[in-house]
Every structure is written in structure tokens, then in C-alpha cells.
Amino acid sequence: MPTLTHFLGPGIIDGSGSEPNRFVKRLSITRELVRKLPNLSSFRQKMHRGVGETLAFQAEDFDVSTQFTFEIPPAEHDVIWKSMRDKTRNVIRRAKERYRISNMMDPEAFFRFFVANLDAKGENANIDFATCQDIVSECLDRGRGHFWVAVDDSGAAKAAIFCAWDTKSYYYMLSTRSADSGNGAIALLIWQAIKSAASMGLIFDFDGVAHTGSILLYSGFGGVVSPRYIVMKSSVLYRTLREIHRFDSKVSNRFV
């Protein structure tokens, strides 16, 4: 998947008619598209929310797995607030006492802040920040994204997130915080983003659950769990080489 492209997949206009007929049409079109793919050693895509079934890929010998995300449909802010866990609301209240929220940050400053926070933890970036900066800049130029920043009394940024949206959903894309920000800074910014999405009449999408910590954080906002299907296909040679690489990595780590 390209940098910051978190989902792909076919977009099919299935016309009118009964659901069974439209399903057959989607199935036929998708299978035709899949057959036009070039020969590849490995293929993997996470499908967008509009793909509710992956039977066409299975019919073409693809493996299918699922990644889950949390979604919050648009509603009055008070309604969303009341649906959240007490603990999450309390964390946000405490963060409000420490920070004010700003949207005044440019892409260069955001990624400079991101890198500084990684360096402070002794970690390296696992994505191409130069490409990310270009994509974020393009989102801003097109009026399809913005930053939310938690700023302390001295005016210093302590946490920041970037969100982007389409005609249906508002996506939580990137986040970073300083080591001394406290665990409520990001929650405060997510709440601000949820309110922004609701005001625009958009679904707030947490854009996938990556680890256990994400489950605990995201579930506190009272969202609905939704599946995102992942389709994969790889050659025997590719799978063999991947397993060798994984084995070598385990052996190397054992003797570090």
C-alpha cells in the first residue's frame, strides 16, 4: 500500500435492481478486475468501508483476513459525550485544564515535532516522512485535512494529530506527543476531532486498531466496531523467502 494510503479496493457502481442481482454484478466486475492484475510475487490490500464482501477475491484464490476499526456516526456533541466511558471523559476534562487546542500548525512543523518525539524515545520512523509531508500538504491545499494541537501555557506544542476526510468519513491519520504531555493530551485532541467530524456530518473513523492499547483508548469513545477486509495473494517462492527472513530475524535477535 502506498504511504498514508490506508485503504484501496474497487469502487463499483452496481446500478439499480434487487440486491441479489446487484451482488452478482459486483461479483462479476470485481473478478474481471482481479484477473487484469499483473503477475506479482505478492499482493495485499486493505479494502475501503464500501467493500462489504470479498467473495470475488476468494473465488480468485486470494486469502482474506480482517482488521477492525471503531467508527462514531455523526450526532449532537452532547449525545456522543454521554455515550463515552466515564474514565475517558475524566481524562479529557483533566487535559482541558492543562492545554488549549489550536489548529495552527504547518506540515513541516508537525513532522519536525514528530521526529523530535521519536528521537526522545530512541525510536525510528517506519514510514517515509518526506512523502507524508507532501501528502498532508496536498490535503490542506484541497481543504480535506487539518491539524489539532494541544498547547501548554508557554505556547509549546505537547501533542498533535492530523485528520483527513472524504465525502463520508473523517479519518484519524497521524498522532504524536511529547514524553511529558500526559496520557490525556491525545484523548483531548481526538475528542476535538470527533466534534469536528460530527459538525461536518461525517463518520469519525479511527482508521484501524493496531494494538491492545488502541483498543482500550478507542473503545472509550463509544464507537461501533466495524470490519475492514484485507485481501492477500503471494507465490510459493515469496512465502518461502518471507519465512526464511522471519527465522533469520528471530535468530539474530536471540544473539543480540
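Provided above is the structure to which this section pertains.
Within any chain, residue numbers begin from 1 and follow the written order of that chain's sequence. With the structure being a predicted model, the display of local features is reserved for residues of pLDDT at least 70 and the display and counting of side-chain atom pairs for 80 or more, all residues being used for whole-chain, interface and lining totals. Heavy atoms throughout the structure, all of them, feed into the side-chain values; hydrogens and water do not.

S.K.: Help me understand empty space enclosed by the protein in this model?
M.R.: One simple way to see leftover space: roll a probe sized like a water molecule over the atoms. Cavities and pockets are defined on a 1 Å grid built over the protein atoms alone: a cavity is a set of grid points where a 1.4 Å probe fits but cannot escape, while a pocket is an open set with protein on both sides within 12 Å along at least five of seven lines, and lining residues are those with an atom within 4 Å of any such point. Grid points are joined across faces, edges and corners, and a volume is the space filled by probe spheres set on the points. In the structure shown here, the tally under the stated rule is 1 cavity of 30 Å³ or more. Each pocket or cavity is described by its volume, and for the largest cavity that value is around 40 Å³. Three residue categories are used. Nonpolar comprises Ala, Val, Leu, Ile, Met, Phe, Trp, Tyr, Cys and Pro, charged comprises Asp, Glu, Lys and Arg, and polar comprises the others, including Gly. A per-class count over the lining of the largest cavity returns 2 nonpolar, 3 polar and 4 charged.

S.K.: I tried to follow unusual backbone geometry on my own but got confused; where do I start?
M.R.: Leaving glycine aside, a negative phi is the common case for residues, and trans is the common case for peptide bonds. Backbone geometry at L4 places phi at a positive 60°, although glycine is not the residue there. Counting through the fold element by element, L4 comes out in the segment before helix 1 (19-35). Accessible area is worked out with a 1.4 Å probe on protein chains only. A residue is then buried under 20% of its type maximum, exposed over 50%, and partly exposed in between. We classify L4 as buried; its relative accessible area is 16%. Although it is not a glycine, D61 adopts a positive phi angle of roughly 70°. Every helix listed is a DSSP run of H or I at least four residues long, and every strand listed is a run of E at least two residues long, numbered separately from the N terminus. You can see D61 is positioned in the loop between helix 2 (55-59) and strand 2 (63-72).

S.K.: Got a minute to help me understand helix 6 (residues 129-141) in this structure?
M.R.: One turn of an α-helix holds 3.6 residues; hence residues three or four places apart share an orientation. For helix 6, built from 13 residues, the straight-helix expectation of 18 Å at 1.5 Å per residue is met to within 8% by its first-to-last C-alpha distance of 18 Å. Of the positions making up helix 6, those classed as buried are F129, C132, V136 and C139. For helix 6, the angular spread of the buried residues around the axis is 75°, confining them to a single face. Across helix 6 from its buried face, at more than 90 degrees, point the exposed residues A130, D134 and D141. In this analysis, two residues are considered to be in contact whenever any of their non-hydrogen atoms come within 4.5 Å of each other. Those residues of helix 6 that are buried are in contact with helix 5 (107-120), strand 4 (145-151), strand 5 (157-165) and strand 6 (169-177). For the purposes of these results, a polar contact is taken to be a pair of N or O atoms within 3.5 Å, where, inside protein, one atom must be able to donate a hydrogen and its partner to accept one; residues adjacent in sequence count only when each atom of the pair is a side-chain atom. Two to three positions downstream of the cap, the backbone nitrogen of A130 sits 3.1 Å from a side-chain oxygen, assigning the N-cap of helix 6 to D128. Just past helix 6, the residue G143 takes up positive phi, approximately 70°. Multiplying 1.5 Å by the helix residue count minus one yields the expected span of that helix. Arc definition: it is the arc formed by the directions from the helix axis to the C-beta atoms.

S.K.: I keep staring at the packing of aromatic side chains and nothing clicks. Help me out?
M.R.: Two aromatic rings, taken as a pair, are described by how far apart their centres are and by the angle between their planes. Stacked, tilted and edge-to-face are the three classes applied to pairs of Phe, Tyr and Trp rings, where Trp contributes its six-membered ring and a pair requires centres within 6.5 Å; stacked means planes under 30 degrees apart, edge-to-face means over 60, and tilted covers the rest. In this structure the tally under the stated criterion is 19 aromatic pairs. When the centroid spacing of 5.4 Å and the interplanar angle of 45° are considered together, the rings of F7 and Y171 count as tilted. Of the two residues, F7 is situated in the segment before helix 1 and Y171 in strand 6; the sequence distance between them amounts to 164 residues. Given a relative accessible area of 8%, Y171 falls into the buried group. Residues Y172 and F206 carry aromatic rings whose centres are separated by 6.3 Å and whose planes lie at 90° to one another, so their mutual orientation is edge-to-face. Here F206 lies in the loop between strand 7 (203-205) and helix 8 (212-219) and Y172 lies in strand 6, a separation of 34 residues in the sequence. Members of the aromatic cluster, joined through ring pairs, are F70, W165, Y170, Y172, F204, F206, Y218 and F221. Between K96 and the ring centre of W81, over which it is positioned, the NZ or CZ distance is 5.9 Å. For a ring to carry a charge above it, either NZ of a lysine or CZ of an arginine must fall within 6 Å of the ring centroid while also lying within 35 degrees of the normal to the ring plane.

S.K.: Would you mind showing me how to read the pattern of salt bridges here?
M.R.: Pairing between side chains becomes possible if they bear opposite charge and their charged atoms approach one another. By definition, a salt bridge exists where a carboxyl oxygen of Asp or Glu is found within 4 Å of a side-chain nitrogen of Lys or Arg. Evaluation of the coordinates by the stated rule reveals 16 salt bridges. Its salt-bridge partner being R31, residue E60 comes within 2.7 Å of it at the nearest N-O pair. Residue E60 is found in the loop between helix 2 and strand 2, and its partner R31 is found in helix 1; the two are separated by 29 residues along the sequence. Accessibility expressed as a relative area gives 26% for R31, which makes it partly exposed. A salt bridge links E32 to K36; its shortest N-O distance comes to 3.7 Å. K36 gets classed as exposed once you look at its relative accessible area, which sits at 63%. Counted as one network, the salt bridges with shared partners bring together D14, E19, R22, R26 and E53.

S.K.: What am I meant to see in the state of the cysteines here?
M.R.: Linking two cysteines covalently through their sulfur atoms gives a disulfide. Throughout, a disulfide means two cysteine sulfur atoms within 2.5 Å of one another. Under the counting rule described, the total for this entry stands at 0 disulfides. No disulfide involves C139; its nearest neighbouring cysteine sulfur is the one of C132, lying 11 Å away. For C139, a relative accessible area of 18% corresponds to the buried category. Just so you know, C163 is unpaired, no disulfide at all, and the nearest cysteine sulfur is the one on C139, 11 Å from it.

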